[in-house]
Amino acid sequence: MLVLGTQTMRLEEELDGWLGAAGLTKSPDVRAVIAPHAGYSYSGRCAAYAFGNIDPTNISRVFLLGPSHHYYTPKCALTKATVYRTPIGDLPVDQEAIEELSATGKFEFMDLSVDEAEHSMEMHLPYLSKVFQGHTVKVVPILVGALSSQSEAMYGQLLSKYVDDPSNFFSVSSDFCHWGSRFSYSYYDKKHGAIHKSIEALDRMGMEIIETGDPVAFKQYLQEYENTICGRHPISVFLHMLKHCSTKIKIGFVRYEQSSQCKSMRDSSVSYASAAAKVDASGEEENKD
C-alpha cells in the first residue's frame, strides 16, 4: 500500500511538472485533443501540451478514441467495463452513452482481456484524471479497429452529433512515425539531410494535412507515404466528425518530439505530436452571414 502511495505521488508530481512546464492557458474553446500514448518517460512531456489546454469546468463526458494494437476488428468496439481505474483516481464509464452507441448496431463489445491489454487509451487516463480532479466526468472509451475509408466516414458521421454538445470532449490517441527496421519502415528523403530531419518533415506534412480537417487528403497522404501513424484510423474518424458536425472546429498542433534522433539506417525512433482542436470563432462569424 505504501509502495502504491509512493507511485501515485511520483506520477502526480510528474504530470504536474509537465503540465506546469508546458505553461498553457486552459480554454473552454478547446473541444478535443490529439495526444500520444507511449510510456510517459518517452511521450509524457509531449502529451502535456495537449492535455494542458483542457478547461474542465463545463465538460461532463470524455470520448476516448484509441487504435487497436493487438486485437483485429474491422469495426469500432465499446468497453464492457463500468469504471477505468488510475493511480490518481477512477473514471466511471458513461453507461448511457455506451448503450446509445450500441443501439446503432454499428459497434461490437471488446472482451475485458482486450480492453486491459490495450494501452492506447490507458495512457490518456491518468492525464484526464489529473485535469478533471475535483470535477465530475465520465468516459466513453471507443477502440477503433482497422477501418475501411467507408467505415471511417460512417463512424465519423455517427459520432458528429456529440461534437455539437459543448459538455462533450474528445481525446484522440495516436503516436506518429515508427521508423526503423523493427517497424519495417525506413522511408528516407535525403534532401532533408539527417534521417531524423526527413522523419520530421514527413510527420509535419501529415500534421499540416490533419490541420486542414480534410479526411480525404489525409488518406491520400497515408497511401502515398505509408507513414506508420498508429492512430490513423481514430484521427480519420475524428476528421469525419468535424466535417459533419455543425460547430466549426480547427485543429492546431502545438508540440512535436521524437524518442531519439535517427542518424543511421540501424537506428529507430517513434515520433509524438500533440494537438488541440478549438472552436473556430472566425468560422462561427462566417456562418452568421
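All residue numbers here refer to positions counted from 1 along the written sequence of the relevant chain. Where totals are concerned, whole chains, interfaces and linings use all residues; where local detail is concerned, this predicted model gives features only for residues with pLDDT of at least 70, and gives and counts side-chain atom pairs only at 80 or more. The side-chain quantities take in all heavy atoms of the structure and omit both hydrogens and water.

The name that an unreviewed UniProt entry assigns to the chain is Protein MEMO1, with the source organism given as Urochloa decumbens. UniProt positions are given in the numbering used here, feature names are shortened, and annotations may be inferred rather than shown by experiment. As its UniProt record puts it under Sequence similarities (unreviewed entry), the chain is described as follows: "Belongs to the MEMO1 family."

Novice: Got a minute to help me understand the pattern of salt bridges in this structure?
Specialist: Pairing is possible between side chains that carry opposite charge, provided their charged atoms lie close to one another. By salt bridge we mean one thing: a side-chain nitrogen of Lys or Arg within 4 Å of a carboxyl oxygen of Asp or Glu. Throughout the structure, instances matching the rule amount to 11 salt bridges. In this structure, Glu-12 and Lys-130 form a salt bridge, with 2.6 Å as the shortest nitrogen-oxygen distance. In this pair, Glu-12 is assigned in helix H1 (residues 2-22) and Lys-130 in helix H5 (residues 125-131), connecting sequence segments 118 residues apart. Glu-152 is the salt-bridge partner of Lys-219, the closest N and O atoms lying 3.1 Å from each other. Of this pair, Lys-219 sits in helix H8 (residues 215-225) while Glu-152 sits in helix H6 (residues 149-163), and the two are 67 residues apart along the sequence. Residue Lys-219 shares its accessibility class with Glu-152, and that shared class is buried. Working definition: helices are DSSP H or I runs of at least four residues, strands are E runs of at least two. Numbering for both runs from the N terminus. Type-normalised accessible area, obtained with a 1.4 Å probe on protein chains alone, sets the label of each residue: buried when under 20%, exposed when over 50%, and partly exposed for intermediate values.

Novice: Can you walk me through the packing of H8 against helix H9 (residues 232-244) in this structure?
Specialist: Relative orientation and spacing of two packed helices are given, respectively, by the angle between their axes and the distance between those axes. Contact geometry for H8 and H9: axes closest at 9 Å, N-to-C directions at 160 degrees. Here H9 runs roughly antiparallel to H8, going by the angle between their axes. Contact with H8, carried on its side by Pro-215, Phe-218 and Leu-222, involves Arg-232, Ile-235, Ser-236, Leu-239, His-240 and Lys-243 of H9 and no other residues of that element. Of the residues contributing to the contact of H8 with H9, the split by class is 5 nonpolar, 2 polar and 2 charged. A fitted line through C-alpha atoms represents every axis, and for helices the fit uses only the stretch in contact; the resulting angles, taken between N-to-C directions, go from 0 to 180 degrees. Orientation labels follow simple angle bins: below 35 degrees gives roughly parallel, above 145 gives roughly antiparallel, 65 to 115 gives roughly perpendicular, and whatever is left gives oblique. Whether two residues are in contact is decided by their heavy atoms: any pair within 4.5 Å suffices. Following the grouping adopted for this structure description, the nonpolar residues are Ala, Val, Leu, Ile, Met, Phe, Trp, Tyr, Cys and Pro, the charged ones are Asp, Glu, Lys and Arg, and the polar ones are all others, Gly among them.

Novice: Sorry, what's going on with the side chain of Ser-274 here?
Specialist: Position of Ser-274 relative to the elements: it lies in strand S11 (residues 269-279). We define a polar contact as two N or O atoms separated by no more than 3.5 Å, with the added condition that, inside protein, one atom must be a possible hydrogen donor and the other a possible acceptor, whereas residues neighbouring each other in sequence contribute only through side-chain atom pairs. Polar side-chain contacts of Ser-274 include one of 2.7 Å to the backbone oxygen of Cys-46. Among residues more than four places away in sequence, those in contact with Ser-274 are Ile-34, Ala-35, Pro-36, Cys-46, Ala-47, Tyr-49, Ala-50, Phe-253, Val-254 and Arg-255.

Novice: What am I meant to see in the pairing of strand S1 (residues 30-35) here?
Specialist: Along any regular strand the residues' side chains alternate between the sheet's two faces. Among the 6 residues that make up S1, 6 are buried, leaving the element largely enclosed by the rest of the structure. Sheet topology note: the S1/S11 ladder contains 4 bridges and is antiparallel. Opposite Val-30, over in S11, you have Lys-278 as the bridge partner. Strand direction decides the pairing type here: S1 and strand S8 (residues 168-173), joined by 4 bridges, are parallel. Looking across to S8, one finds that Ala-32 is bridged to Phe-170. At least two bridges found by DSSP between two strands is the condition for calling them paired.

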